[in-house]
Amino acid sequence: DVQRDALFGRVSSEIGRWRGTAGLLATDSERGIFAFSGVSQARQTDRALRVWTDHALRLGGTRVRVGGLAQRSSLRYLSPASGLDETGQTEAASLRIEADRAVRLGSGRWHLAAGVEARGGRAEHPSLTEDAQETAQAVFASAVGQHGPLHLYPALRLDRVAAPTGETLTALSPHLGLNLHVLSGLWLKASAGRAFRAPTFNDRFWMPGGAPALRPERGWTADAGAAAEARLGPLAATAEATVFASALADQIVWRPGRFDDGFYWAPQNIGQTRTRGAEFSARLRLGTARRFAEVGGLMTWTDARDRTDPEASSFDQRLLYVPDRLVRADLALGAGPLRLDAGLEHTGARATAADGTARLPPATVVDAGLSGRLRVGPAAAVLAVRLENLLDARYALVRQYPMPPRHVRVRLTLSSL
């Protein structure tokens, strides 16, 4: 069983060359914890309060943006069977300052951007011997340049992270992308860059499961492909094909598992991983904004493998829970305030054992929904009825976590115009 409450608010203002936004989100949820025996009295309570703001000011031809957020969250884990009643708390804040400007360099047009960002956090939990703190800073620059049919996207980022283990991590990450307009409606694209991702605060300190000693991800990624679009009267068509590859060291992966104090998700580093794949998507749309028919789909093939230790049974086996293929298709029909849509998602086999000896079978799920919009004076109401898992498929995305059978969701949304 799950109980959720949430409060959300946002306010925006614009005065001359200044534009600002501020928001607040408060959540409170409580849920029962799954047990292998089917009976459990364990419960988890999550509470969080987040406030954020974003401001933009135009000074001549330069736009300056300043944004930040602050968050405080708590998680209580209560298990009468094991005698546990623990509450962990985290506090986090971040600040980002960025400036961008359009300029001409020779025969090309460029949009330049640069900025700095900083974040910090603190966590406390009975399992931590002392309050854990983490700080990080980054300097970054990027550009978008156009020289005739060629668009260039260079970027450079310098990260510095002071980890709670006392280690200071520094990484310089270059990246370059390009887009070439070959013919009318046809583009070629490619990009390559160095990847760096420090563990997030939740990666390190989420309780239960966080791992303070996680190492950052490092490696290289690359992709290449083509995109096309065409229009014939009210008919519009788009298609895109991409191949991609990456080689990462210490990739951070959250995995479900059974531990001495329960069953939960926890992150870990995988020494060396290699990923290769391809993706194709296409979409057709006929009609106008009020009356239309649209159909689309996406197919992804992924080969992600553990390449850490040639002597280990997990060597060259597929990464856990990464499906070998994913197929999505959707159909939508619109007529004035009414919209009918249907979707299909097929997820391929997913390994559940590091040595490849166990896996979840493929699963296909179909959803369908009908929604209507009604305006009454200054207000608008949207009523949506959705039938999920239409074919009543029996499947799981995580081992021993069965997904819901066929069910109906009804949602009513009220808003002011």
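Placed above this text is the structure.
Computed from a prediction, not measured in an experiment: that's the story for all the values here. (Residues numbered from 1 in each chain as written. Predicted model: local features only at pLDDT ≥ 70, side-chain atom pairs only at ≥ 80, totals over all residues. Heavy atoms only, no water.)

## Some remarks on the side chain of Ser191
Take Ser191: it is sitting in strand β10 (residues 186-197). Engagement of the side chain of Ser191 in a polar contact is seen with the side chain of Asp223, the distance being 2.6 Å. Setting aside residues no more than four positions away along its own chain, Ser191 makes contact with His175, Leu176, Gly177, Thr221, Ala222 and Asp223. (Helix = DSSP H or I, 4+ residues; strand = E, 2+ residues; numbered from the N terminus. Polar contact = N/O pair within 3.5 Å; in protein donor to acceptor, adjacent residues only side chain to side chain. Contact = heavy atoms within 4.5 Å.)

## With respect to the side chain of Gln251
Mapping Gln251 onto the fold places it in strand β12 (residues 235-259). Looking at Gln251, the relative accessible area reads 16%, which means it is buried. A distance of 2.6 Å separates polar atoms of two side chains, one belonging to Gln251 and the other to Thr273. Non-local contacts of Gln251, meaning those with residues more than four positions away in its chain, are made with Glu217, Gln268, Asn269, Ile270, Thr273 and Leu319. (Buried < 20%, exposed > 50% of the residue type's maximum accessible area, 1.4 Å probe, protein only.)

## Regarding empty space enclosed by the protein
Empty space left among the atoms is revealed by rolling a probe the size of a water molecule over them. A complete count under the given rule lists one cavity of 30 Å³ or more for this structure. Space inside the largest cavity adds up to approximately 30 Å³. Forming the boundary of the largest cavity are Arg318, Val322, Ala349, Arg350, Ala351 and Arg359. Grouping the amino acids of the lining of the largest cavity by side-chain chemistry returns three nonpolar, no polar and three charged. (1 Å grid on protein atoms, 1.4 Å probe; cavity = no way out; pocket = protein on both sides within 12 Å on 5 of 7 lines; lining within 4 Å. Points joined across faces, edges and corners; volume = space filled by probe spheres on them. Nonpolar A, V, L, I, M, F, W, Y, C, P; charged D, E, K, R; others polar.)

## Focus: the packing of aromatic side chains
Enumeration over the complete set of coordinates arrives at one aromatic pair. Here the guanidinium or amino end of Arg285 rests over the ring plane of Phe292, the centre of that ring lying 4.2 Å away. (Phe/Tyr/Trp six-rings, centres within 6.5 Å; stacked < 30°, edge-to-face > 60°. Lys NZ or Arg CZ within 6 Å of the ring centre and 35° of its normal.)

## Re the pairing of strand β23 (residues 407-416)
In terms of burial, β23 is a largely surface element, zero of the ten residues being buried. Pairing of strand β20 (residues 379-388) with β23, which is carried by ten bridges, proceeds in the antiparallel orientation. Within the sheet, the bridge partner assigned to Val385 lies in β23 and is Val410. (Pairing = 2+ DSSP bridges.)

## Description of the environment of Ser415
By secondary structure assignment, the location of Ser415 is in strand β23. Residue classification places Ser415 among the partly exposed positions, given a relative accessible area of 37%. When the C-alpha positions of Ser415 and Ala379 are compared, they lie 5.8 Å apart, and in sequence the two are 36 residues distant. Residues contacting Ser415, with those up to four places away along its chain left out, are Pro378, Ala379 and Ala380.

## As for the environment of Glu345
Assignment of secondary structure puts Glu345 in strand β16 (residues 338-347). As for Glu345 and Thr364, which are separated by 19 residues in sequence, their C-alpha atoms are 5.7 Å apart. Leave out the neighbours within four places in its chain, and Glu345 touches Leu326, Val327, Arg328, Ala363, Thr364 and Val365. Side chain to side chain, Glu345 and Arg328 meet in a polar contact 2.8 Å long.

## Some thoughts on the environment of Val182
With respect to the helices and strands, Val182 occurs in strand β9 (residues 168-183). Through-space distance from the C-alpha of Val182 to that of Pro149 is 7.2 Å; in sequence the pair is 33 residues apart.

## Topic: the nonpolar core
Grouped together as the largest cluster of nonpolar side chains are six residues: Ala136, Val161, Leu169, Ala171, Phe196 and Ala198. Sequence-distant contacts of Phe196, defined by excluding residues within four places in its chain, comprise Asp159, Ala171, Ser173, Pro216, Glu217 and Arg218. If you look at the next biggest cluster of nonpolar residues, it comprises five residues, including Tyr321, Ala351, Leu360 and Val398. (Core = buried A, V, L, I, M, F, W, Y, C linked by side-chain atoms within 4.5 Å.)

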